[in-house]
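# Close look at the chain arrangement
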Amino acid sequence: MSRTAYLNGQFLPLDEARVPVMDRGFLFADGIYEVAAVLHGRLVDNAGHLARLDRSLSEIGIRNPHSAEAWERLETQLVERNGVREGLVYIQVTRGVAERDFSYPKGDVAPTVVMFTQEKSIVNNPMAETGAKAITVPDLRWKRRDIKSVALLAQVLAKQQAAEAGVAEAFMVEDGVVTEGSSSTVFIVTKGGALVTRPLSHAVLPGITRKAVLALAEETGLAFEERLINARELPEAAEAFYTSASAFVMPVVEIDGKTLGDGRPGPVARRLRELYFAFAEGAKA
């Protein structure tokens, strides 16, 4: 079946969807994106993703072209048209098409809206059984990482370093402190049994899966701390894992060549992955 995309009010064959050269997303990375998971043909934790999309758009002064209800209808239609049972829905909104100028275009310029789906194995990802490996890299990004901007060059470079090292993820470090993964939120479990992740601020993206995992930890009586993680703590941790819409909860068994624990996914990560899947299975579209 050919893939269908959504572009500015139309569902089109993916290879026919075209964005003008003068679109500010192309010229300046002047736009926002969001990614939601699909499981059994249904959107997972979608309200959180749409709320974050709205916030990111507001933070850079792009009007949100749709209500949350309208977004969800479009996402659901796109999932159905593509027959996606398991995978992702990608949304991108840019400031629109205008003559190239660094300042915002004057007048009522319509935002550009692009959506597409990707099929992806999330439930049966074999890496969840063996555990992922990661490296640390310097964090080269701008200072407003709480905004889900399409300007992802620093993340691309970090992810490429990980690929060249033969590992799954790059944990970014700034001033000796872990910020987040190149496309994920970082968690560790200390040898004392404490679950730790960095608190929210302009330095990190407010992860939707992160929020759900912390709520699940609280519901099950698993204590956690929101504090800075020194990069020196990573190789000494009992466990580590990262979270994202595409990975859910992914155990990490090696960082910078140092094996964590016994080299297998730890019990906390495994338990939280199970809990998150149970949550996702019961989530409404």
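Residues numbered from 1 in each chain as written. Predicted model: local features only at pLDDT ≥ 70, side-chain atom pairs only at ≥ 80, totals over all residues. Heavy atoms only, no water.

Here is the rule: UniProt positions are given in the numbering used here, feature names are shortened, and annotations may be inferred rather than shown by experiment.
The name given to the protein chain in an unreviewed UniProt entry is Probable branched-chain-amino-acid aminotransferase, and the organism recorded there is Methylorubrum aminovorans. UniProt lists a comment for the protein chain under the heading Sequence similarities (unreviewed entry), and it reads "Belongs to the class-IV pyridoxal-phosphate-dependent aminotransferase family." Taken directly from UniProt, the Function (unreviewed entry) text for the protein chain runs: "Acts on leucine, isoleucine and valine."

### Examining helix α5 (residues 153-164)
Every α-helix carries 3.6 residues per turn, so stepping three or four residues along brings you back to the same face. This is how it is decided: Starting at the N terminus, helices and strands are each numbered in turn, a helix being any DSSP run of H or I of at least four residues and a strand any DSSP run of E of at least two. Any helix carries an expected span of 1.5 Å times its number of residues minus one. Each residue is assigned to one of three classes by its accessible area relative to the maximum for its type, calculated with a 1.4 Å probe on protein chains only: buried under 20%, partly exposed between the two thresholds, exposed over 50%. Here the arc refers to the directions that run from the helix axis out to each C-beta atom.
Under the 1.5 Å per step criterion, the end-to-end length of α5 is 16 Å for twelve residues, consistent within 8% with the ideal 16 Å. Regarding α5, the residues found buried are A154, Q155, A158 and A162. On an axial view of α5, the arc spanned by its buried residues comes to 100°, and they lie on one face. When the buried face of α5 is taken as reference, the exposed residues oriented beyond 90 degrees from it are L153 and E164. Where α5 ends, the next residue or the one after it, G166, has phi of about 75°, a positive value.

### Let's talk about helix α3 (residues 68-82)
When the terminal C-alpha atoms of α3 are compared, their 21 Å separation across 15 residues agrees well with the 21 Å that a helix rising 1.5 Å per residue should span. Of all the positions in α3, only A70, W71, L74, E75, L78, V79 and N82 are classed as buried. Looking one or two residues past α3, G83 carries a phi angle of roughly 60°, positive in sign.

### Looking at unusual backbone geometry
Unusually for a residue other than glycine, N8 sits at a positive phi of about 50°. Even without being glycine, A29 reaches a positive phi, approximately 55°. Summarising the element assignment, A29 is placed in the loop between α1 (24-28) and β3 (31-39). With relative accessibility at 24%, the residue A29 sits in the partly exposed group.

### Description of the packing of helix α6 (residues 208-219) against helix α7 (residues 267-282)
The test is simple: Axes, fitted as lines to C-alpha atoms, cover a helix only where it is in contact. Angles between the N-to-C directions of the axes lie from 0 to 180 degrees. By definition in this entry, angles of less than 35 degrees are roughly parallel, angles greater than 145 are roughly antiparallel, angles of 65 to 115 are roughly perpendicular, and the rest are oblique. The contact rule is simple, with two residues in contact once any of their heavy atoms fall within 4.5 Å. Classification used: nonpolar for Ala, Val, Leu, Ile, Met, Phe, Trp, Tyr, Cys and Pro, charged for Asp, Glu, Lys and Arg, polar for all others including Gly.
The interhelical angle for the contact between α6 and α7, taken along N-to-C directions, is 105°, at an axis separation of 10 Å. For the element pair α6 / α7, the angle class is roughly perpendicular. Residues T209, A212, V213, L216 and A217 of α6 touch α7, and the partners they reach there are L272, L275, Y276 and F279. Residues belonging to the contact of α6 with α7 are distributed by class as follows: eight nonpolar, one polar and no charged.

### Re the pattern of salt bridges
Where charged atoms of side chains with opposite charge meet at close range, the side chains can pair. Just so we agree on the cut-off: Whenever a carboxyl oxygen of Asp or Glu lies within 4 Å of a side-chain nitrogen of Lys or Arg, that contact is scored as a salt bridge.
Inspection of every chain in the model, using the stated rule, returns 21 salt bridges. The salt bridge partner of D30 is R24, with a shortest N-O separation of 2.8 Å. With relative accessibility at 10%, the residue D30 sits in the buried group. One salt bridge in this structure joins E226 and R210, with 2.6 Å as the shortest N-O distance.

### With respect to the environment of E225
Structurally, E225 is set in strand β12 (residues 224-226). Placed eleven residues apart in sequence, E225 and L214 show a C-alpha to C-alpha distance of 9.7 Å. Not counting residues within four places of it along the chain, the set of residues in contact with E225 comprises A194, L195, V196 and T197.

### Some thoughts on the packing of aromatic side chains
Which entries qualify depends on this criterion: Between 30 and 60 degrees the pair is tilted, below 30 it is stacked and above 60 it is edge-to-face, where a pair is any two Phe, Tyr or Trp rings, Trp via its six-membered ring, whose centres lie within 6.5 Å. Only Lys NZ and Arg CZ are tested; either one counts as a charge over a ring when it is within 6 Å of the ring centre and within 35 degrees of the ring normal.
On inspection of all chains with the given rule, the structure shows nine aromatic pairs. Ring centres 5.6 Å apart and planes at 20° place the aromatic pair Y33 and Y90 in the stacked group. With Y33 in strand β3 and Y90 in strand β5 (residues 86-94), this residue pair connects regions lying 57 residues apart in the sequence. For the pair Y33 and Y90, a shared accessibility class is recorded, and that class is buried. Measuring from ring centre to ring centre gives 4.7 Å for Y90 and F116, while their planes differ by 20°; the resulting arrangement is stacked. Taken together, the residues Y90 in strand β5 and F116 in strand β6 (residues 112-119) connect sequence positions 26 residues apart. One cation-aromatic arrangement involves R95 over Y104; the distance from NZ or CZ to the ring centre is 3.6 Å.

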